[in-house]
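# Observations on the three-dimensional arrangement
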Amino acid sequence: MSSTFNPSASRRIDQLLREASAAVDRADAELLLAHAAGRDRAWLFAHATDELDAAQAEAFAGLVARRVAGEPVAYLTGRRGFWTLDLEVGPDTLIPRPETELLVELALARLPQGEAARVADLGTGSGAIALAIASERPQAAVVATDFSKAALAVAVRNAQRNGIDNVWFRRGDWLEALGAERFDLIASNPPYIADGDPHLDEGDLRFEPAIALSSGTDGLEAIRGIIAGAPAHLAPGGWLLLEHGWGQGEAIRALLHDAGFADVATERDLESRDRVSLGRMP
């Protein structure tokens, strides 16, 4: 692909998309143009021969230039879809990813429909996991924690935006925000990349908050702390579910066994990679 995008004098939607697609992926170009126009992608296709006004075309060109420089599309548009939700995202939060939906699916399978339950989401970021669970289990009381005040502000706005009122947000470092309370299920997508991993300098990860990505020399520092402290915050029979990297399943299962968890297992994502490990308090 070309590294530049120089729109012609024409501002027709179809032509702008063709020209931008020489610099960025077509799907990215469509999302950015829809955002610049204040419309959705379906509108672009229905109005392919329409022209944008000068301000919208200029805004689109600026977004394409920033995407060429590597900025994530989700940060450029300020939005990312997750589960059935439309979420605000920004540099203070991780970008929710499709593979994290497995964590939501596994949590919902352990939270029967129509029954009251207490759930905690540690390191909630944009609120994606907590809000997805809460939207599917309205009888559940969900506590979402994060150390970042800015991230919690985003999560609160996402709850309001999606009309979800059974989530309570607390600031604190992992389990400390839970006080002495116990829960039926604790879920988390904590940082699990090793400090200094070269992937941190590639792609979207360059723009995401480092504190939410890496954790110690082996990437397991936060996970060790969560597993060690979780038994004091789980009701009998309560579950702990942790998203992690594809090569960490064996180590995390060992940590769960050592902490006294039963029914320990690792579930794989759609690419058959270890993605979520879990265990139940006896």
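Residues numbered from 1 in each chain as written. Predicted model: local features only at pLDDT ≥ 70, side-chain atom pairs only at ≥ 80, totals over all residues. Heavy atoms only, no water.

### Some points on helix H6 (residues 101-109)
Think of an α-helix as 3.6 residues a turn; residues three or four steps apart then line up on the same face. For the record, the criterion: Note on classification: 1.4 Å probe, protein chains only; a residue is buried when its accessible area is under 20% of the maximum for its type, exposed when over 50%, partly exposed between these limits. Helix and strand assignments come from DSSP, with helices taken as H or I runs of at least 4 residues and strands as E runs of at least 2, each series counted from the N terminus. Between two residues, a contact is recorded if the distance between any of their heavy atoms is within 4.5 Å.
Listed in full, the buried residues belonging to H6 are Leu 102, Leu 103, Val 104, Leu 106, Ala 107 and Leu 108. Turning to H6, the residues buried within the fold contact strand E1 (79-82), helix H7 (128-136), strand E6 (183-188), strand E7 (234-243), strand E8 (262-268) and strand E9 (274-280).

### Re the side chain of Asn 166
Rules: Think of a polar contact as two N or O atoms within 3.5 Å of one another; within protein, one of them needs to be a possible hydrogen donor and the other a possible acceptor, and neighboring residues in sequence only count if both atoms come from side chains.
As for its position among the elements, Asn 166 is in the loop between helix H8 (149-161) and strand E5 (167-171). Take Asn 166: its relative accessible area is 8%, and that puts it in the buried class. A distance of 3.2 Å separates a polar atom in the side chain of Asn 166 from the backbone oxygen of Arg 137. With residues up to four places along the chain from it excluded, the contact list for Asn 166 reads Ala 134, Arg 137, Pro 138, Ala 140, Ala 141 and Val 142.

### Comments concerning helix H4 (residues 54-68)
The cut-off we apply is this: A helix's residues, less one, multiplied by 1.5 Å, set its expected span.
With 15 residues, H4 should reach 21 Å at 1.5 Å per residue; the first-to-last C-alpha distance of 21 Å fits that figure. In this fold, the buried residues of H4 make contact with helix H1 (13-20), helix H2 (26-37) and helix H5 (73-77). The opening residue of H4, the one whose side-chain oxygen lies 3.1 Å from the backbone nitrogen of Ala 55, is Asp 53.

### Let's talk about the packing of H2 against H4
Under the convention used in this document: To get an axis, a line is fitted to the C-alpha atoms, and for a helix only the part in contact is used. The angle between two axes follows their N-to-C directions and goes from 0 to 180 degrees. Here the word oblique covers every angle except those under 35 degrees (roughly parallel), over 145 (roughly antiparallel) and from 65 to 115 (roughly perpendicular). Handedness of a crossing is defined here by the sense of rotation of the near helix relative to the far one, left-handed for an anticlockwise turn of less than a right angle and right-handed for a clockwise turn. Throughout this entry, Asp, Glu, Lys and Arg are counted as charged residues, while Ala, Val, Leu, Ile, Met, Phe, Trp, Tyr, Cys and Pro are counted as nonpolar. The remaining residues, Gly among them, count as polar.
Contact geometry for H2 and H4: axes closest at 9 Å, N-to-C directions at 140°. Taken together, the axes of H2 and H4 lie oblique to each other. Crossing hand, H2 versus H4: right-handed. Mapping the contact onto sequence places Asp 28, Ala 29, Leu 32, Leu 33, His 35, Ala 36 and Ala 37 in H2 and Gln 56, Ala 59, Phe 60, Leu 63, Val 64 and Arg 67 in H4. When its residues are assigned to classes, the contact of H2 with H4 shows nine nonpolar, two polar and two charged.

Purely geometric numbers; function is a separate question.
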